[in-house]
Amino acid sequence: MLGVLGDFLLWSVQVVGTWVLVGFSVVALFLRTSFSLFAIARTIVTAAMVLTLTYRYGLVTDGFSGWVDAVIVKYGLLAIVTSVVLVVLAGVFVLGGPPGTRRSRLVRLFLISGGEFTVPGPLSVLALAGATTGVVAWSTNAAEAYGNTFVRLVTSLLVLLPAGIFFLLAPLSVAGTIFNAANAHPALPSLAAPFVAVGAIVMDRFSGGILATPDNLKDPFALAGLLITVALSAVESVRLRRRGQGLTRDAEPGGDPGPEPVGGRGPGAPAPR
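First things first, this report covers the structure right here in the doc. (Residues numbered from 1 in each chain as written. Predicted model: local features only at pLDDT ≥ 70, side-chain atom pairs only at ≥ 80, totals over all residues. Heavy atoms only, no water.)

### Re the overall build of the chain
Phase 1 of the analysis: Check the secondary structure of the chain and you find eight helices and two strands.
Phase 2 of the analysis: Starting at the N terminus and ending at the C terminus, the chain contains elements arranged as α-α-α-α-β-β-α-α-α-α.
Phase 3 of the analysis: Put simply, the chain has 273 residues, and 38% of those count as buried.
Phase 4 of the analysis: Relative to all contacts within the chain whose residues are 6 or more apart in sequence, the contacts with residues 24 or more apart total 79%.
Phase 5 of the analysis: Put simply, the chain shows about 14500 Å² of open surface, and 72% of that area lies on carbon and sulfur atoms. (Helix = DSSP H or I, 4+ residues; strand = E, 2+ residues; numbered from the N terminus. Buried < 20%, exposed > 50% of the residue type's maximum accessible area, 1.4 Å probe, protein only. Contact = heavy atoms within 4.5 Å. Areas by Shrake-Rupley, 256 points an atom, 1.4 Å probe, with all protein chains shown as cover.)

So, in structure tokens, the structure goes:
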């Protein structure tokens, strides 16, 4: 009796935990204190290339469970790549800030006050997305191990539905905003995006892709995506620097700029993107 109760509690934790973490992750990925057309452009480019290749060449399939496992592995590796890029840029962001702003910049990497509300910073969103991926992997593997066919089917449906939503929305958000890095500073996504794109290309070459793109077309498509990402990031960086929102300037997105002085903006006030 206790064994059955324990199994039921574990099953409940897996299913409920998956739904709760996916819900929090999806909300956190789209809680933005600033709006950028460049982020939308990066998202559209990523979605267009993935959907085009999927429609034209299909997916690499070794059974549905094998495909799910491959997606989870790729998400884990991409999270590691993005973590390294974000941590390095976060260090530059904190150490390169104006005098007296290092503490506030460090806090903004984890928690940002948007005036009337508070949103998680990019490192908090990254940690939440990583935890969600781990729980989804755990729940998926556990569902495959159930001996009862009916329980395995029900569990798989309850786990894969939120997992599918997360795996669909997360890369589109991350491609555009790099875990909402602009919430901490407007210049972070444009600086991080090219490095994340390079890391994703290298990772794809060594870990294998989930799209059945012919080998002779993988490099051209990867190079095209990288060049578009670099071009968008370069233009965005130049525009931000001209508006006084370079990485070394303390431009807080989402904050209340206060009244604008006669003749223009104050030296520390954020400008619209």
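### Remarks on the packing of helix 2 (residues 37-57) against helix 6 (residues 149-177)
Phase 1 of the analysis: Running from N to C, helix 2 and helix 6 point in directions that differ by 135 degrees, and their axes come no closer than 7 Å. Comparing the axis directions of helix 2 and helix 6 gives the class oblique. Helix-helix and strand crossings are classified by hand; for helix 2 and helix 6 the assignment is right-handed. Across the interface between the two elements, A39, R42, T43, T46 and A47 from helix 2 touch L172, A175, G176 and T177 from helix 6. (Axes fitted to C-alpha atoms, helices over the stretch in contact; angles between N-to-C directions. Parallel < 35°, antiparallel > 145°, perpendicular 65-115°, else oblique. Left-handed = near helix turned anticlockwise from the far one by under 90°.)

### What to know about the packing of helix 7 (residues 188-207) against helix 8 (residues 215-242)
Phase 1 of the analysis: As a packed pair, helix 7 and helix 8 sit with axes 8 Å apart at the nearest point and diverge in direction by 170 degrees. Put simply, helix 7 runs roughly antiparallel to helix 8. Residues S190, L191, A193, P194, A197, V198, I201 and R205 of helix 7 form the contact with helix 8, whose participating residues are K218, D219, A222, L226, T229, V230, S233, E236, S237 and L240.
Phase 2 of the analysis: When grouped by side-chain class, the residues that make up the contact of helix 7 with helix 8 number ten nonpolar, four polar and four charged. (Nonpolar A, V, L, I, M, F, W, Y, C, P; charged D, E, K, R; others polar.)

### Overview of a nonpolar patch on the surface
Phase 1 of the analysis: Among the surface-exposed residues, V73, L77, I80, V84, V88 and V92 lie close enough to one another that they form a single nonpolar patch of about 500 Å² accessible area.
Phase 2 of the analysis: Note on placement: V84 falls in helix 3 (residues 64-95). (Patch = residues over 30% accessible without salt bridge, like charges linked within 9 Å, V, L, I, M, F, W, Y side chains within 5 Å. Salt bridge = Lys/Arg side-chain N within 4 Å of Asp/Glu carboxyl O.)

### Some thoughts on the pattern of salt bridges
Phase 1 of the analysis: Scanning the model with the defined rule gives two salt bridges in all.
Phase 2 of the analysis: A salt bridge links R42 to E236; its shortest N-O distance comes to 2.9 Å. With R42 in helix 2 and E236 in helix 8, the pair connects residues that are 194 residues apart, well separated along the chain.
Phase 3 of the analysis: Accessibility expressed as a relative area gives 3% for R42, which makes it buried.
Phase 4 of the analysis: A relative accessible area of 2% means that E236 is categorised as buried.

### Points about the environment of A79
Phase 1 of the analysis: Take A79: it is sitting in helix 3.
Phase 2 of the analysis: For A79 and L126, which are 47 residues apart along the polypeptide, the C-alpha to C-alpha distance reads 7.7 Å.

### Regarding the nonpolar core
Phase 1 of the analysis: Counting residues in each nonpolar core, the largest one holds 36 residues, and the members touching the most others are L109, F166, F167, F179 and L188.
Phase 2 of the analysis: Counting only elements with at least two residues in this core, the list comes to helix 1 (2-29), helix 3, helix 5 (122-145), helix 6 and helix 7.
Phase 3 of the analysis: When residues of this core are assigned to their parent elements, the largest contribution, nine residues, is made by helix 3.
Phase 4 of the analysis: Once you skip the residues sitting within four places of it in the chain, L188 turns out to touch L89, F93, L109, A181 and L247. (Core = buried A, V, L, I, M, F, W, Y, C linked by side-chain atoms within 4.5 Å.)

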